[in-house]
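If you want the building blocks of each chain, they are given just below.
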Amino acid sequence: MNAPTIDALELQAWFDDELELSRRLALEQRLQEDPSLRARAEALRQARAELRLAATYHLAPEALQQRVAALAAPAQTAGARDAPP
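Keep in mind that this is a model prediction, so the values were computed, not measured.

Engineer: Any details on the overall build of the protein? Residues and values, ideally.
Structural biologist: Counting its secondary structure elements, the protein contains four helices and zero strands. When each of the 85 residues of the protein is scored for burial, the buried share is 14%. A separation of at least 24 residues holds for 46% of the contacts in the protein among residues at least 6 apart in sequence.

Pasting the structure below:
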């Protein structure tokens, strides 16, 4: 019996911890058994690491941070009221 093909999107979903448990376990079993899949996973891991290092991050301007916090405050207060004691 041939195992189902694991495409790039499914491999990325595994990295992002987005697969259902049964599919994740099946993919991890295949990683142990399939050297070419392990190589693909390692190449993807390296590409993700390189992108993360090359990414530029910018803080939102202070005024925007304050506006977002003010908009979120009513929702946080409502959530606190709805929480059990």
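Let's pick the thread back up.
Engineer: Can you tell me about the pattern of salt bridges, naming the residues and giving the values?
Structural biologist: Tallying each qualifying case throughout the model produces five salt bridges. Of the charged contacts, one joins Arg-23 and Glu-10 as a salt bridge, the two residues approaching to 2.3 Å between their closest N and O atoms. Of this pair, Arg-23 sits in helix α2 (residues 21-33) while Glu-10 sits in helix α1 (residues 8-15); the two residues are 13 residues apart in sequence, bridging distant segments of the chain. Under the relative-accessibility criterion, Arg-23 is labelled partly exposed at 24%. For Glu-10, a relative accessible area of 15% puts it in the buried group.

Engineer: Let's hear about the packing of α1 against α2: which residues, and what values?
Structural biologist: In contact at an axis separation of 11 Å, α1 and α2 are set at 105° when each is read in the N-to-C sense. Taken as axis vectors, α1 and α2 run roughly perpendicular relative to one another. Taking contact as the criterion, the partners of Glu-10, Leu-11 and Trp-14 in α1 are, on α2, Arg-23, Arg-24, Leu-27, Glu-28 and Leu-31. Residue composition of the contact of α1 with α2, by class: four nonpolar, no polar and four charged.

Engineer: Give me the lowdown on helix α3 (residues 35-54), citing residues and values where you can.
Structural biologist: Across its 20 residues, α3 extends 29 Å between first and last C-alpha, which sits within 8% of the 28 Å expected from 1.5 Å per residue. Residues of α3 that are buried: Leu-37, Ala-41 and Leu-44. Angularly, the buried residues of α3 cover 65° about the axis, an arc narrow enough to put them on a single face. Of the exposed residues in α3, the ones pointing more than 90 degrees away from its buried face are Pro-35, Glu-50, Leu-53 and Ala-54. For α3, the secondary structure elements touched by its buried residues are α1 and α2.

Calculation notes
Residues numbered from 1 in each chain as written. Predicted model: local features only at pLDDT ≥ 70, side-chain atom pairs only at ≥ 80, totals over all residues. Heavy atoms only, no water. Helix = DSSP H or I, 4+ residues; strand = E, 2+ residues; numbered from the N terminus. Buried < 20%, exposed > 50% of the residue type's maximum accessible area, 1.4 Å probe, protein only. Contact = heavy atoms within 4.5 Å. Salt bridge = Lys/Arg side-chain N within 4 Å of Asp/Glu carboxyl O. Axes fitted to C-alpha atoms, helices over the stretch in contact; angles between N-to-C directions. Parallel < 35°, antiparallel > 145°, perpendicular 65-115°, else oblique. Nonpolar A, V, L, I, M, F, W, Y, C, P; charged D, E, K, R; others polar. Expected span 1.5 Å × (residues − 1). Arc of directions from axis to C-beta.

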